[in-house]
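Topology and contacts: notes
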Amino acid sequence: MQSDDSGKASSDELARILALSEKFDEDVLCLLKAGWSTSTQRVSISMAYCKAAIEHAISQRVLIEAGLHGTALSLIRLHFEAVVRAAWSLQGAKDEWVEKFCRPVRDGDFSEPQMGPPIPAMLDAIKQYAPDAAREFARLNETTKVMHSFVHGGAHLVVHALRGYPRDKLVAVMMNRNLLTLQLTNVIVIGSQMPNLRGSVGKLGAVHAACMPPLGRV
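Overview of the structure.

About the criteria used
Residue indices begin from 1 for each chain and proceed along its sequence in written order. Side-chain atom pairs in this predicted model are given and counted only at pLDDT of 80 or more, local residue features only at pLDDT of at least 70, and totals for whole chains, interfaces and linings cover all residues. Think of the side-chain values as coming from all heavy atoms in the structure, minus any hydrogens and water. In this analysis an axis means a line fitted to C-alpha atoms, helices contributing only their contacting stretch, and an angle means the value between N-to-C directions, from 0 to 180 degrees. Numbering of helices and strands runs from the N terminus; a helix is a DSSP stretch of H or I covering at least four residues, while a strand is a stretch of E covering at least two. Here is the rule for angles: anything less than 35 degrees is roughly parallel, anything more than 145 is roughly antiparallel, 65 through 115 is roughly perpendicular, and the remaining ranges are oblique. Definitions for this section: a left-handed crossing has its near helix turned counterclockwise from the far helix by less than a right angle. A right-handed crossing has that turn clockwise. Residue contacts are defined here by distance: any two heavy atoms, one from each residue, within 4.5 Å place the two residues in contact. Any residue outside Ala, Val, Leu, Ile, Met, Phe, Trp, Tyr, Cys, Pro, Asp, Glu, Lys and Arg is labelled polar, Gly included; the first ten of those are nonpolar and the last four are charged. Each residue's exposure class comes from its accessible area (1.4 Å probe, protein chains only) as a fraction of the maximum for that residue type: buried when under 20%, exposed when over 50%, partly exposed otherwise. We define a nonpolar core as any set of buried Ala, Val, Leu, Ile, Met, Phe, Trp, Tyr and Cys residues linked to one another through side-chain atoms lying within 4.5 Å. When two cysteine sulfur atoms are found within 2.5 Å, that pair is recorded as a disulfide.

Another aspect to go through is the packing of helix 3 (residues 69–92) against helix 6 (residues 131–144). Closest axis-to-axis distance for the helix 3/helix 6 pair is 10 Å, and the angle between their directions is 160°. Comparing their axes, helix 6 and helix 3 come out roughly antiparallel. Our pair here, helix 3 against helix 6, has a crossing hand that is left-handed. For the pair formed by helix 3 and helix 6, the contact residues are I76, R77, F80, V83, V84 and A87 on the first element and F137, L140, N141 and T144 on the second. For the contact of helix 3 with helix 6, the class distribution of residues is seven nonpolar, two polar and one charged.

Turning our eyes to something else, we now look at unusual backbone geometry. You will see that Q193, though not glycine, has its phi angle at about 55°, which is positive. Relative to the assigned elements, Q193 resides in the loop between helix 9 (167–192) and helix 10 (200–207). Using a relative accessible area of 63% as the deciding quantity, one classes Q193 as exposed.

This part takes up the nonpolar core. With 56 residues, the main nonpolar core has I64, V84, I126 and F137 as its most contacted residues. For this core, the secondary structure elements donating two or more residues are helix 1 (4–35), helix 2 (41–65), helix 3, helix 4 (95–101), helix 5 (119–127), helix 6 and helix 9. Counting residues per element, this core draws most heavily on helix 3, at 12 residues. Residue contacts for F137: discarding those within four places in its chain leaves F80, V83, V84, A87, L123, I126, L180 and Q183.

Attention now goes to the state of the cysteines. The full count for this structure, using the stated rule, is zero disulfides. Free cysteine C30: the closest other cysteine sulfur is in C211, separated by 15 Å. With no disulfide of its own, C102 has C50 as its nearest cysteine by sulfur position, at a separation of 15 Å.

See below:
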């Protein structure tokens, strides 16, 4: 059983990480605004995924602050997939896929014009031009597989609804969320094609290191 002192310490640490994460989110939103581009269909798709990923990330933080942990945890998988799709659509997707994805859909037709490939196939494509990013995505993919349970109503969702979710684990969730969002900023910078934004990722990582996972741990 967790002591009162350790429980308070975990709650204090979570509050600290949430506050630092909010400042990080503000800077990421500023970067997205500065780098926003719809210069081509490909870039437009990637930027849209970037925006969606940031929305998922912010929603996780807000929901955890509100104590709605189960819903926040279900967004981890959505956040991860949006980040990977942002990276893949920018540089890994073939022109044929981009063209099919952008085909108009008739009014009243709710079918997708073209779906993307499974995550492993996207990671294989990303590996061709960004092996370090692909390796990190693959590692995070392993850690987020359990979140399918929260998305699809599995046993983990039921257990955590009954027991709650430990504060120290929520701290780790937020730190990994921040690391994934930091990787997303690299996609924003590349997609923007703005020379003045080069170096932004490193600066953000340095400024917000206190809310990232300790070096060598995810």
